[in-house]
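# Geometric and topological summary
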Amino acid sequence: MRMNTPEAVLRVNRRALVAALLAAALCLVALGLPVWEFSATVFSKKSGNTFVGDEKYLAVKAEVEAEAARYTEETGAVAQVFENVTERTNSKGQKTSMVAFEVRQAMRRTGWDFLRSGLAAGKVLLALVLCLVAAAVLLGAGMRGTMDVDWPELLPRRRGLRLGAAALGLAALLLVPVFMMCCNLAFTRWIRLATDGFPRPGTDALLRALDGFLYGGTAGEKTLELMSGLRHQAMLPLLAMLPLLAGFALCAVVCADGDPRQTLARALLFAFIIALCVVILYPYYVMVITGFRSNAETTDMYFQHMFPTKWVWSNLKDIIDRGVPRYLLNSLMLSVGATAIALLCGIPAAYAMARMHFAGRKVFLGFVIMSQMFSPVVLLVGISRLMNALHLSDSVLGLMFINAAFNQAFAIWLLRGTFVSISSEMEQAACIDGCSTVSAMLRVLLPIAAPGIVTTLIFVFINAWNEYTISTVLISTTSNKPITVGITQFSSFNMIEWQYLFAAALLATVPVVILFMCIEKHLAAGLTAGGVKG
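Just so we're clear, the structure is a prediction, and the values are computed from it rather than from any experiment.

## Comments concerning the overall build of the protein chain
From N to C terminus, the protein chain includes 21 helices and four strands. Here the C-alpha radius of gyration of the protein chain, 35 Å, is well above what a compact globule of 534 residues would show, namely 24 Å. Counting only C-alpha atoms and orienting by the principal axes, one finds that the protein chain spans roughly 105 × 85 × 45 Å. Burial statistics for the protein chain: of 534 residues in total, 40% are counted as buried. Of the contacts made within the protein chain by residues no fewer than 6 positions apart, 75% connect residues no fewer than 24 positions apart. For the protein chain, the accessible surface area stands at approximately 29500 Å², while carbon and sulfur atoms represent 66% of it. Charged side chains in the protein chain number 44 positive and 34 negative. The centres of these two groups are separated by 7 Å.

Encoded structure:
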């Protein structure tokens, strides 16, 4: 238990409180500085066959400068002239030149400008300010009268106030990237959709808000035209808020616990897990929503809607009518058969490797490992000729044997590790009680090795379920195709039917998910069952 003198606790708390309040004050000051910079094209003109310095160039430049002066006079905003010269040689060997002039207006807006704008980004910024102010109030209330009280002796209410301040500070920190995302959506994505002819609901209100925010309400109907060439970027004061808010949350944790290392480690762990889950689950999210979209939405290059505007459940009926259940049944028979064959052959072989000593055992183990080096693609010609000789080509049964053969080495090696980790004395005791070697293996060894057998089963099943290359070469009859090959019917040279492809892929994941749910409790134990030296 930590024991600190009141003077030491007072010194740490005072420093943490001052640092937290200073960070909060600096954040509020940063909001009064320019946090976002804009550059909008208000006039542009191109002049072909124009060379720098000639009469045509000077005339066009004078026209553009006059336009810039007129715009500055009308709006009071400073407009700058930019030029871009492109030189090239045509097919006749003649050098040509294109001069493009742009009149751009540079604008900077503070955080308080955003708060008054009525934009979604301004509402996010308002939430940030409220979280920060509330956090400072909670921290002050939690510190009041307890500055010199050791952290383990704090009342739960006081510690709760301090931790609440840290949580609100963290919420304010997370709102900074949310604010930046809202700005990018408003100034880039929604404007681009509108200029390309795909306005979303609320675009008119957004344009009015942007007109008032950027042009003081003077642009009117020209707002969309002016916004089409808008460039924007976050400025240093906004980026400086990230370390300031992180420092505020850290100081609040110090006030609540004294030693923030454990709390920070836990927070970083949770953040890492959340980020990892988002990365892993995102493809499944895309698969689900695309499987129930209409064809028009799946080919929408702008990805206007995060979710389908109308869930097209008939996609499932369409893929069922096109033979997907038959492909699933073929894959199920293939995977179950290959797994059964691999286990029936692998268990006795692994038992012999773990319990019996005979000449050539190490050589056989080496051969088992080496067999994993050969890819099915390398042996494809030989496999095809063998299947033709055995009259097993273009059949699910032939695929069962091939997949079982390619997974056999893995099954033997994994099961051997499981059997080695189990004491042989239990089988010896069973033999003393009258069991034969086979009976002892079946009645004693296999029940104990169930986690390892289940682990082998799931890996062999998944490998067989996902197999594609051999099936593509050997299977030509449509009714014998597994799901990995069958769903390729939705992808052709001219078009890919994404909604059917993803709907079929969604159905293909269901059997594997059900299998995992059924044997989950055995899987974790089986992954470490062979983790001993033997």
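## Focus on the packing of helix α4 (residues 120-143) against helix α5 (residues 156-195)
Across the interface, α4 lies against α5 with an axial gap of 8 Å and an inter-helix angle of 165°. When the axes of α4 and α5 are compared, the pair comes out roughly antiparallel. Like other packed secondary-structure pairs, α4 and α5 cross with a definite hand, here left-handed.

## Notes on the domain arrangement of the protein chain
Interface extent is often summarised as the accessible area lost during association of the parts. Here the protein chain is partitioned into domain 1 (6-32 + 112-282), domain 2 (41-107) and domain 3 (328-485 + 511-529). Summarising the inter-unit geometry, the C-alpha centres of domain 1 and domain 2 are found 42 Å apart. Counting the surface domain 1 buries against domain 2, the share from its top three residues, Tyr215, Leu226 and Arg231, is 60%. One can count zero salt bridges joining domain 1 with domain 2. The interface formed by domain 1 and domain 2 contains zero residue pairs in polar contact (both at pLDDT 80 or more). Broken down by class, the residue content of the side of domain 1 that touches domain 2 amounts to three nonpolar, one polar and one charged.

## Notes on α4
In an α-helix, one turn spans 3.6 residues, which is why side chains three or four residues apart end up on the same side. With 24 residues, α4 should cover 34 Å at 1.5 Å per step; its first-to-last C-alpha distance of 35 Å lies within 8% of that length. Within α4 the residues assigned to the buried category are Ala121, Gly122, Val124, Leu125, Leu128, Val129, Cys131, Leu132, Ala135, Leu139, Gly142 and Met143. Residues of α4 that are buried sit in contact with α1 (6-31), α3 (111-117), α5 and α8 (236-257).

## Side note on the pattern of salt bridges
Considering all chains together, one arrives at seven salt bridges under this definition. Arginine 293 serves as the salt-bridge partner of glutamate 297, at 3.2 Å between the closest nitrogen and oxygen. A relative accessible area of 14% places glutamate 297 in the buried class. Two residues, lysine 317 and aspartate 321, come together in a salt bridge whose shortest N-O distance is 3.1 Å. Pair noted here: lysine 317 and aspartate 321 are both in helix α11 (residues 314-321), with a separation of four residues, about one helical turn. A single burial state applies to lysine 317 and to aspartate 321, both of which are exposed.

## With respect to the pairing of strand β1 (residues 34-48)
In terms of strand pairing, β1 meets strand β3 (residues 95-110) through 13 bridges, oriented antiparallel. Its bridge partner lying in β3, lysine 46 is registered against alanine 100. Pairing of β1 with strand β4 (residues 231-234), which is carried by four bridges, proceeds in the antiparallel orientation. Its bridge partner lying in β4, serine 39 is registered against arginine 231.

## What to know about the sheet that holds β1
Spatial ordering of the open sheet is given by β2-β3-β1-β4, a layout of four strands whose pairing is antiparallel. Each edge of the open sheet carries a strand with a single partner, namely β2 (79-89) and β4. The sheet shows a mean angle of 25° between the axes of neighbouring strands, taken without regard to direction. Sheet strands touched by α5: β1 and β4. Its angle to β1, the strand with the most contacts, is close to 20°. Of the strands in this sheet, β1 and β4 touch α8, which is tilted by about 145° from β1.

Cut-off values and rules
- Residues numbered from 1 in each chain as written.
- Predicted model: local features only at pLDDT ≥ 70, side-chain atom pairs only at ≥ 80, totals over all residues.
- Heavy atoms only, no water.
- Helix = DSSP H or I, 4+ residues; strand = E, 2+ residues; numbered from the N terminus.
- Rg over C-alpha atoms; globule rule 2.2 N^0.38 Å.
- Buried < 20%, exposed > 50% of the residue type's maximum accessible area, 1.4 Å probe, protein only.
- Contact = heavy atoms within 4.5 Å.
- Areas by Shrake-Rupley, 256 points an atom, 1.4 Å probe, with all protein chains shown as cover.
- Lys, Arg positive; Asp, Glu negative; His and termini not counted.
- Charge placed at Lys NZ, Arg CZ, Asp CG, Glu CD.
- Axes fitted to C-alpha atoms, helices over the stretch in contact; angles between N-to-C directions.
- Parallel < 35°, antiparallel > 145°, perpendicular 65-115°, else oblique.
- Left-handed = near helix turned anticlockwise from the far one by under 90°.
- Domains from an automatic or database assignment.
- Buried area = accessible area lost by both parts, 1.4 Å probe.
- Salt bridge = Lys/Arg side-chain N within 4 Å of Asp/Glu carboxyl O.
- Polar contact = N/O pair within 3.5 Å; in protein donor to acceptor, adjacent residues only side chain to side chain.
- Nonpolar A, V, L, I, M, F, W, Y, C, P; charged D, E, K, R; others polar.
- Expected span 1.5 Å × (residues − 1).
- Pairing = 2+ DSSP bridges.

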